[in-house]
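Residue strings, one per chain:
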Amino acid sequence: MSPRPANGANEASTTIDGVDALSISPSSTPPARQHHFPTHDDLLDFVTNHWRDRWVTTDLPSEAVLDTYARRPFFLLISVDAPITIRWKRFQARHQQQQQQPHLLPPTTSPSPTPTTTPTDLETFIHLSDTHLYSPQTGTHPLISRATIRLLNTSPSLAHLYATLGNLNLPDPSRLRPSWDSYFMALASLAAQRSNCMKRRVGCVVVRDKRVISTGYNGTPRGMRNCGEGGCGRCNNMGIGTRSGAGLATCLCIHAEENALLEAGRERIGDGRDGVVVYCDTCPCLTCSIKIVQVGVGEVVYAQGYSMDGETAAVFREAGVRLRQFVPVSLFYSFFLPLFSFAPFREWVWW
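Definitions and limits used
Residues numbered from 1 in each chain as written. Predicted model: local features only at pLDDT ≥ 70, side-chain atom pairs only at ≥ 80, totals over all residues. Heavy atoms only, no water. Helix = DSSP H or I, 4+ residues; strand = E, 2+ residues; numbered from the N terminus. Buried < 20%, exposed > 50% of the residue type's maximum accessible area, 1.4 Å probe, protein only. Contact = heavy atoms within 4.5 Å. Areas by Shrake-Rupley, 256 points an atom, 1.4 Å probe, with all protein chains shown as cover. Pairing = 2+ DSSP bridges. Axes fitted to C-alpha atoms, helices over the stretch in contact; angles between N-to-C directions. Phe/Tyr/Trp six-rings, centres within 6.5 Å; stacked < 30°, edge-to-face > 60°. Parallel < 35°, antiparallel > 145°, perpendicular 65-115°, else oblique. Left-handed = near helix turned anticlockwise from the far one by under 90°. Core = buried A, V, L, I, M, F, W, Y, C linked by side-chain atoms within 4.5 Å.

Colleague: What exactly am I supposed to notice about the overall build of the chain here?
Modeller: Secondary structure summary: the chain contains twelve helices and twelve strands in total. For the chain, the residues scored as buried account for 39% of the 351 residues in total. Across the chain, contacts joining residues at least 24 apart in sequence account for 59% of those joining residues at least 6 apart. Accessible surface for the chain amounts to roughly 19,600 Å². Of this, 54% is attributable to carbon and sulfur atoms.

Colleague: Help me understand the environment of Pro 61, please; the structure alone is not making it clear to me.
Modeller: Here Pro 61 is to be found in the loop between strand E3 (54-57) and helix H2 (63-70). It is 9.4 Å that separates the C-alpha atoms of Pro 61 and Gly 139, two residues lying 78 residues apart in sequence.

Colleague: Sorry if this is basic, but what is going on with the sheet that holds strand E10 (residues 322-325) here?
Modeller: Sheet strands line up and pair through hydrogen bonds in the backbone, either parallel or antiparallel. Taken together, the five strands give an open sheet; going across it, the order is E7-E6-E8-E9-E10, and neighbouring strands pair in mixed fashion. Only two strands of the sheet have a single partner each, and these edge strands are strand E7 (211-217) and E10. Direction aside, the axes of adjacent strands within the sheet are offset by 20° on average. For strand E9 (residues 299-304) and E10, the ladder comprises four bridges, and the chain directions are parallel. Note that in E10 the partner of Glu 299 across the bridge is Arg 322. Most of the contacts of helix H8 (residues 180-192) go to strand E8 (residues 276-282), to which it runs at about 55°, and overall it touches strand E6 (203-208), E7, E8, E9 and E10.

Colleague: Would you explain the packing of aromatic side chains in this entry?
Modeller: Each aromatic ring pair is described using two quantities: the centre-to-centre distance and the angle formed by the ring planes. Using the criterion set out here, one finds seven aromatic pairs in the structure. Taken together, a centroid distance of 5.7 Å and an interplanar angle of 50° make the contact between Tyr 69 and Phe 75 tilted. Each ring, one from Trp 180 and one from Phe 184, has its centre 5.5 Å from the other, and the planes form 15°; the classification is stacked. With a gap of four residues between them, Trp 180 and Phe 184 both fall in helix H8, about one helical turn apart. On the basis of relative accessible area, Trp 180 is assigned to the partly exposed category, the value being 41%. Taken together, the ring pairs connect Trp 180, Tyr 183, Phe 184 and Tyr 279 into an aromatic cluster.

Colleague: What am I meant to see in the pairing of E6 here?
Modeller: The two faces of the sheet receive side chains in turn, since in a regular strand these alternate between them. For E6, the tally of buried residues reaches five of six residues, placing the bulk of the element in the interior. For E6 and E7, the ladder comprises six bridges, and the chain directions are antiparallel. Looking across to E7, one finds that Val 205 is bridged to Thr 215. The antiparallel pairing of E6 with E7 creates a hairpin that spans two residues between the two strands, and Asp 209 there sits at a positive phi of about 50°. As judged from the five bridges shared by E6 and E8, these two strands associate in the antiparallel manner. Across the sheet, Val 206 pairs through a bridge with Val 278, a residue of E8.

Colleague: Please clarify how the packing of helix H1 (residues 40-49) against H2 should be interpreted in this entry.
Modeller: When two helices pack together, their arrangement is given by the angle between their axes and by how far apart the axes lie. Where H1 contacts H2, the axes come no closer than 11 Å and their chain directions differ by 15°. Between H1 and H2, the angle falls in the class roughly parallel. For the pair H1 and H2, the crossing hand works out as right-handed. Within the contact between the two elements, H1 uses His 40, Asp 41, Leu 43 and Leu 44 and H2 uses Val 65, Thr 68 and Tyr 69.

Colleague: How do you make sense of the nonpolar core when you look at a structure like this?
Modeller: Looking at soluble globular proteins, one finds that nonpolar side chains tend to be buried together. By size, the foremost hydrophobic cluster in this structure holds 19 residues, and its most contacted members are Val 206, Leu 261, Ile 269, Val 278, Val 297 and Val 300. Sorting the residues of this core by element identifies E6, helix H10 (256-269), E8 and helix H11 (286-295) as the ones contributing at least two each. With five residues, H10 is the largest single contributor of residues to this core. Within the second largest apolar cluster, twelve residues are counted, among which are Leu 44, Leu 66, Tyr 69 and Leu 77.

So this is what it looks like as structure tokens:
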């Protein structure tokens, strides 16, 4: 489930009665000595007392063990996968090398099938791989699906893989504990899940001095039919005249920013130019931007663009309200070929 150390690191194998672990240290220091533990709980207790060091285990036999590890704030679950044809070719090459030079090949931690003979064709290998992943009793897919970071490894060699992992900076503290921006934007995205607007789900969080004072999502006013039940004619009309940003004067839905500002009230926002931040998963529209300015918000952070970002930016610029776009940490990895980032705190990295 976790990668081998990056290039330039020492590794010391540790056998823990069926649980394999690695302690990783910089190449300038000697390898960590071996440790032996009778159970996963004993391993976890030891690592808890030495959590500032780096420890890797590739043996996670069940979700119960994973649940135990995941309760600790220093635990990070990583999965490594590759296209089936690439895994098949690697498996065949590894088997051939084992036959020719078994003493030179280290044990593998790859989530690929490990039969005693090389599969004669790709179909056989796929069947073995499916059993490994989806067996009701021993399948690893439920564990892989819970990984915080998911790596797709198409590296041509181990040296390239280790060098890439070294650049990835897996121990980055923001992976274990989200930044304030990530935390509040995740709350805004969660608020958006309550919306049933037929046009667009939007969520908003108003924060003062790093404390949430209100949340909001878009929808029809209290006491009216929900938008998803036909409450707003504009949002339920899929005609050209109601494209994004058009016909807002006839829309009955209150925007997420409006709901959050109404919930907060002027008394809680006050003159908060230096301490009040609005987090929106979508850039505010022009109508919301002037209300944000009027109540005294000092900064707006958004995730996705909207059809009138330029007009909104102009209003904020003139009023002295800071505007910036939130970018997940994974998007800074420009050295990968394609790169995608999906849900908050969950990453896909390709190389």
